[in-house]
Structure formats: C-alpha cells, structure tokens
Amino acid sequence: MLEMRAITAGYARNAPVFRNVSLSLEPGEALGLLGPSGCGKSTLARVAALLHHPDAGSLTVDGAPVRRWRHRAPREQRTAFGVVFQQARLSADPRLALTDLIAEPLRATGRREDVTGRVAELAATVGLTADLLSRRPHEVSDGQLQRACLARALVLRPRWLVCDEMTAMLDASTTAALVRVVEDYRASTGAGLLAVGHDRVLLDRWCDRTVEWGTLTSG
Ligand SMILES: Nc1ncnc2c1ncn2[C@@H]1O[C@H](COP(=O)(O)OP(=O)(O)OP(=O)(O)O)[C@@H](O)[C@H]1O
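Here is a short report on the structure shown in this document. The structure presented is a predicted model; accordingly, all values stated were derived computationally and were not measured.

Rules used in this analysis
- Residues numbered from 1 in each chain as written.
- Predicted model: local features only at pLDDT ≥ 70, side-chain atom pairs only at ≥ 80, totals over all residues.
- Helix = DSSP H or I, 4+ residues; strand = E, 2+ residues; numbered from the N terminus.
- Rg over C-alpha atoms; globule rule 2.2 N^0.38 Å.
- Buried ≥ 20, exposed ≤ 12 C-beta atoms within 10 Å, placed from the backbone.
- Axes fitted to C-alpha atoms, helices over the stretch in contact; angles between N-to-C directions.
- Parallel < 35°, antiparallel > 145°, perpendicular 65-115°, else oblique.
- Left-handed = near helix turned anticlockwise from the far one by under 90°.
- Contact = placed C-beta atoms within 7 Å.
- Nonpolar A, V, L, I, M, F, W, Y, C, P; charged D, E, K, R; others polar.

### Description of the overall build of the chain
Each helix and strand counted, the chain has nine helices and nine strands in total. Whereas a compact globule of 219 residues would reach a radius of gyration of roughly 17 Å, the chain reaches 17 Å, a difference of no more than 12%. The principal-axis extent of the C-alpha atoms belonging to the chain is close to 55 × 40 × 35 Å. Looking at the chain residue by residue over its 219 residues, the buried ones come to 38%.

What follows is the structure in structure tokens.
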C-alpha cells in the first residue's frame, strides 16, 4: 500500500504549492491522477517516489513510514520505485549510451553482474534494437529515449511505478507500446502504478481508478 496523508509540499518554505493532499493506492492498483496544469501533480508524484521532501504530512510505503527522501532515503525504500517523467531528455544523462542509461540503477546498487542479461531482456521488452542501445540520447528520437527511460525504471523490478506524463510527448503507436509494457510488467509482478496525466481517455483505459486533483484536499 502507498499512503500519502495530508501532504503539504512546494519549493519555498512559506509558500507551498499545495496543502493537505491525501492519496492512497492499494497494492497492485493502477491509479490515474488528473488535474489542471501547475496544481502540483508532478510535485506530489515526486513526493510519492521519495524524490521530493514534503513540508508536512506522512507517506507510508508497504507498511513502512518514510522518514527520509532523496539520497537520504534507505536503499530498500528508494528502489521500491521506478519513475518515468515526461521529458526523457531532462532525465537522461547525455553522456551515456542507452545501454548504460538502462543499466545505471544496477551499477548504482552494486549489481554489475546482472547488467548484460537484464539490459538485453529489457531492450527486447521496450522494443530497442542493438544499434540503438549503443547510441547516446542526442542520437535517438524522443520516443526511443523514452523507451530506454522506461527500461531504466523497470530494471530493479520496482513494486511501484510512477509515470508522470510518460506519454505526453509521444505519438499514438509509441504511447500504446509503452502503456502495454507497463501493463505487462504489472500483470507479471503485481506492481502498483501512479500515472499522472492530462488525457482522461487514456488514464481511464489504463488505470483501475482515476481521481481529480480537486478531490484530494482534506481542508
Ligand atoms: N523546481 C521547482 N522550483 C520552483 N517551483 C517549481 C519547481 N517545480 C515546479 N514548480 C512550481 O510548482 C507548481 C506545481 O508544479 P508541478 O509541476 O507539480 O505541477 P503539475 O500539476 O504537474 O503541472 P503540469 O500539469 O503543467 O505538469 C508550479 O507553479 C510550478 O511552477
């Protein structure tokens, strides 16, 4: 279970982006989050994935309260999450070939021996061919780079996936392919999903439940 209670968060101490937002996901649930631009959906998604320290409120992941965020979070909690953002180019190190980008979390957690097998397996899953794997981000399309970012998000087999406008920059066929990869992953592992988006039709089709930002505030 992923439980956020009365979260207040933002980027300046006395001017939070939002206050008292609560949201819970059941184990294995796919939840879509819709809301107007700038309301704070990405910020909340980053709090949920342990990437942004909230000003107040509590987060519990699979029964364990989160006390530290970002690099201070315990590895076991940090690696429970796979995250994919809208702008793949901002979240990909431009110096790394796609194969190293996908392998980055394995190397960072000392699992170098898993790199070759796991990268090959995930490249096939997300539809990246060997010639693309050796290229760097500026040598591939946005869709190809997002495929690599999704593979990176899955490489440690997370229990929770956070997809923040993952498909907003992509065409219909790449969108369908990446959504299918996430669905197959969830079907085989039981992972939960928080999908932030603007497209209600896509979220309704993809998720078990879709909530509007305006319904999450508890006063
Ligand atoms: N790193 C940052 N520093 C300062 N302010 C930020 C930062 N990131 C976001 N903001 C501000 O916080 C507010 C919420 O941004 P956020 O990206 O969470 O909204 P959103 O609901 O995801 O928007 P969108 O749907 O447009 O992506 C916005 O006013 C934004 O300008």
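### Description of the packing of helix H5 (residues 115-126) against helix H7 (residues 142-154)
Two elements in contact, H5 and H7, have axes separated by 9 Å at closest approach and are oriented at 130°. Considered as vectors, H5 and H7 are oriented oblique to each other. You can see that H5 and H7 cross each other, and the crossing is right-handed. On the side of H5, the interface is formed by Leu122, Ala123, Thr125 and Val126, while H7 contributes Arg147, Leu150, Ala151 and Leu154. Considering only residue class, the contact of H5 with H7 consists of six nonpolar, one polar and one charged.

### Here we look at helix H4 (residues 98-108)
Helical geometry: 3.6 residues make up each α-helical turn, so side chains three or four residues apart lie on a common side. All of the buried residues along H4 are Leu98, Thr99, Leu101, Ile102 and Ala103. Looking one or two residues past H4, Gly110 carries a phi angle of roughly 75°, positive in sign.

### A few points about the packing of H4 against H5
It is the contact of H4 with H5, at a shortest axis distance of 10 Å, that shows an interaxial angle of 130°. Taken as axis vectors, H4 and H5 run oblique relative to one another. Between H4 and H5 lies a crossing of right-handed hand. Where H4 approaches H5, its residues Thr99, Ile102, Ala103, Leu106 and Arg107 are matched on the opposing element by Val115, Arg118, Val119 and Leu122. Of the residues belonging to the contact of H4 with H5, the class tally is six nonpolar, one polar and two charged.

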